[in-house]
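Read off the chains here:
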Amino acid sequence: MHLSELPYNDYGSAMRCRLGGRVQKLAIDAHLGCPHRDIKSGSGGCTFCLGEAFTPSYCTNQPSITEQINAAISFHDSRRRRADIHLAYFQAGTNTNAPIERLKELYTEALNHPKIEGIIIGTRPDCISSEILDYLEDLSHNHYIAIEYGIESCSDETLRHVNRGHDFATAQRAIAETKARSIDVGAHFILGLPNETKAQIINQVALINELQPNFVKFHQLQIYRNTVMAREWQAHPERFPFANNFDTDDYVELMVDIIRHLDPSIAIERFASQAPRHLILSSPLGGIRMDALRTKIVERLKTLQATQGDRL
Ligand code: SF4
């Protein structure tokens, strides 16, 4: 399938236009933890959280950022994933959860690597400050800089239910302040959180359009073993119609609907995620490969002669 034929705004193509070559993100772990699941904070963390699910194997036991970048490049080279541009992706945990001087050391170490042209920083919308944003704005004059915010849902009721620890207004503020500094913004959402119906999910797309992130990631709800959510799922399965009743075809239909309501200026980076199977209790997608899922979504869009945003 040629990328120019895709009926949606594909992140890979958008980044190729933006940066002038094929981009490879290298996931690294800065070991900054998360203020929301920190024992000292006592806030308990999101009910769905299982930190190890987000750490690629090449990140483990790699103490420095430089070594992790080298290991990640070797990992992708060994799989013949050719890239023109490498971006360090601070993925695991909350990557603004440290004093500014420590953050400067970490980000600078990544940007000083000869093969790194930019950084993408994953964080929570309530763990960002003007001081950090001002610093990143300075960096953005010479490097590609993006912040990827975990928003998860636009519904305050849902955010409370999963003990997210912030409301949707916090995400709106963080994104507005980031965009005001011309720093790229990514937004991450989970589809199928407790009590959310398909209609409610589709209604949230209008709020995503208002946020105007540069790119979005959608993940299906995966219920991880030994989490608070796993216990809730076992005690109250009726709260999880999505995890219990959706199959791959249902998910494709939901994603097609989301794409048709999504502003075409917003690039889509992910339709779903793949955590290691031994960690997962329940996921509507079972074991489908992500490229197979993408093919199904594209084929369905083409069958319907639909494109991103055609239902706006
Ligand atoms: S913000 Fe992320 S790392 Fe922190 S508790 Fe929630 S899911 Fe876990």
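Residues numbered from 1 in each chain as written. Predicted model: local features only at pLDDT ≥ 70, side-chain atom pairs only at ≥ 80, totals over all residues.

### Digging into the pairing of strand β3 (residues 116-123)
In regular strands, side chains alternate between the two faces of the sheet.
Working step 1: For β3, the buried fraction is high: seven of the eight residues fall into the buried class.
Working step 2: Here five bridges tie strand β2 (residues 85-90) to β3, and the two strands are oriented parallel to one another. Across the sheet, residue Ala 88 finds its bridge partner in β3, namely Ile 119.
Working step 3: As a crossover connection, the stretch from β2 through helix α3 (residues 100-112) into β3 is right-handed.
Working step 4: For β3 and strand β4 (residues 144-152), the ladder comprises six bridges, and the chain directions are parallel. (Buried ≥ 20, exposed ≤ 12 C-beta atoms within 10 Å, placed from the backbone. Helix = DSSP H or I, 4+ residues; strand = E, 2+ residues; numbered from the N terminus. Pairing = 2+ DSSP bridges. Right-handed = clockwise from strand over helix to strand, strands pointing away.)

### What to know about helix α6 (residues 168-179)
Working step 1: Relative to the 16 Å expected for twelve residues at 1.5 Å per residue, α6 spans 17 Å between its end C-alpha atoms, a close match to the ideal helical length.
Working step 2: Looking at α6, one finds that the buried residues are Phe 168, Ala 171, Ala 174, Ile 175 and Thr 178. The buried side chains of α6 occupy one side of the element, clustering within an arc of 120° when seen end-on. In α6, the exposed residues that point more than 90 degrees away from the buried face are Ala 169 and Ala 176.
Working step 3: In this structure, the buried residues of α6 make contact with α4 (130-139), β4, α5 (156-161), β5 (184-191) and α7 (198-211). (Expected span 1.5 Å × (residues − 1). Arc of directions from axis to C-beta. Contact = placed C-beta atoms within 7 Å.)

### With respect to the site of the ligand
Working step 1: Around the ligand sit eleven residues in total, of which Cys 34, Arg 37, Gly 45, Cys 46 and Cys 49 are the nearest.
Working step 2: Looking at the shell around the ligand residue by residue, the class counts come to three nonpolar, six polar and two charged. (Near = placed C-beta within 6 Å. Nonpolar A, V, L, I, M, F, W, Y, C, P; charged D, E, K, R; others polar.)

### What about the environment of His 31?
Working step 1: Here His 31 is to be found in the loop between β1 (23-28) and α2 (65-78).
Working step 2: His 31 gets classed as partly exposed once you count the C-beta atoms within 10 Å, which come to 15.
Working step 3: Separated by 33 residues in the primary sequence, His 31 and Ser 64 place their C-alpha atoms 9.9 Å from one another.

### Section: the nonpolar core
Generally speaking, nonpolar side chains in soluble globular proteins are found buried as a group.
Working step 1: Ile 28, Leu 87, Ala 88, Ile 119 and Met 255 are the most contacted members of the largest nonpolar core, which totals 81 residues.
Working step 2: The greatest single-element share of this core, amounting to seven residues, is contributed by helix α10 (residues 248-261).
Working step 3: Other than its neighbours up to four places away in sequence, Met 255 contacts Phe 271 and Ile 297. (Core = buried A, V, L, I, M, F, W, Y, C linked by C-beta atoms within 7 Å.)

### Focus on the packing of α7 against α10
Working step 1: Closest axis-to-axis distance for the α7/α10 pair is 9 Å, and the angle between their directions is 25°. In terms of orientation, α7 lies roughly parallel with respect to α10. Handedness of the crossing formed by α7 with α10: right-handed. Across the interface between the two elements, Lys 198, Ile 201, Ile 202 and Val 205 of α7 pack against Leu 254, Asp 257, Ile 258 and His 261 of α10. (Axes fitted to C-alpha atoms, helices over the stretch in contact; angles between N-to-C directions. Parallel < 35°, antiparallel > 145°, perpendicular 65-115°, else oblique. Left-handed = near helix turned anticlockwise from the far one by under 90°.)

### Things to note about the sheet that holds β1
Working step 1: Pairing is parallel across the open sheet formed by seven strands, whose spatial order is β1-β2-β3-β4-β5-β6-β8. This sheet does not close on itself; its edge strands, each paired only once, are β1 and β8 (267-270). In this sheet, neighbouring strand axes are inclined to one another by 25° on average, regardless of whether the strands run parallel or antiparallel.

Spatial relationships are all this shows, so hold off on functional conclusions.
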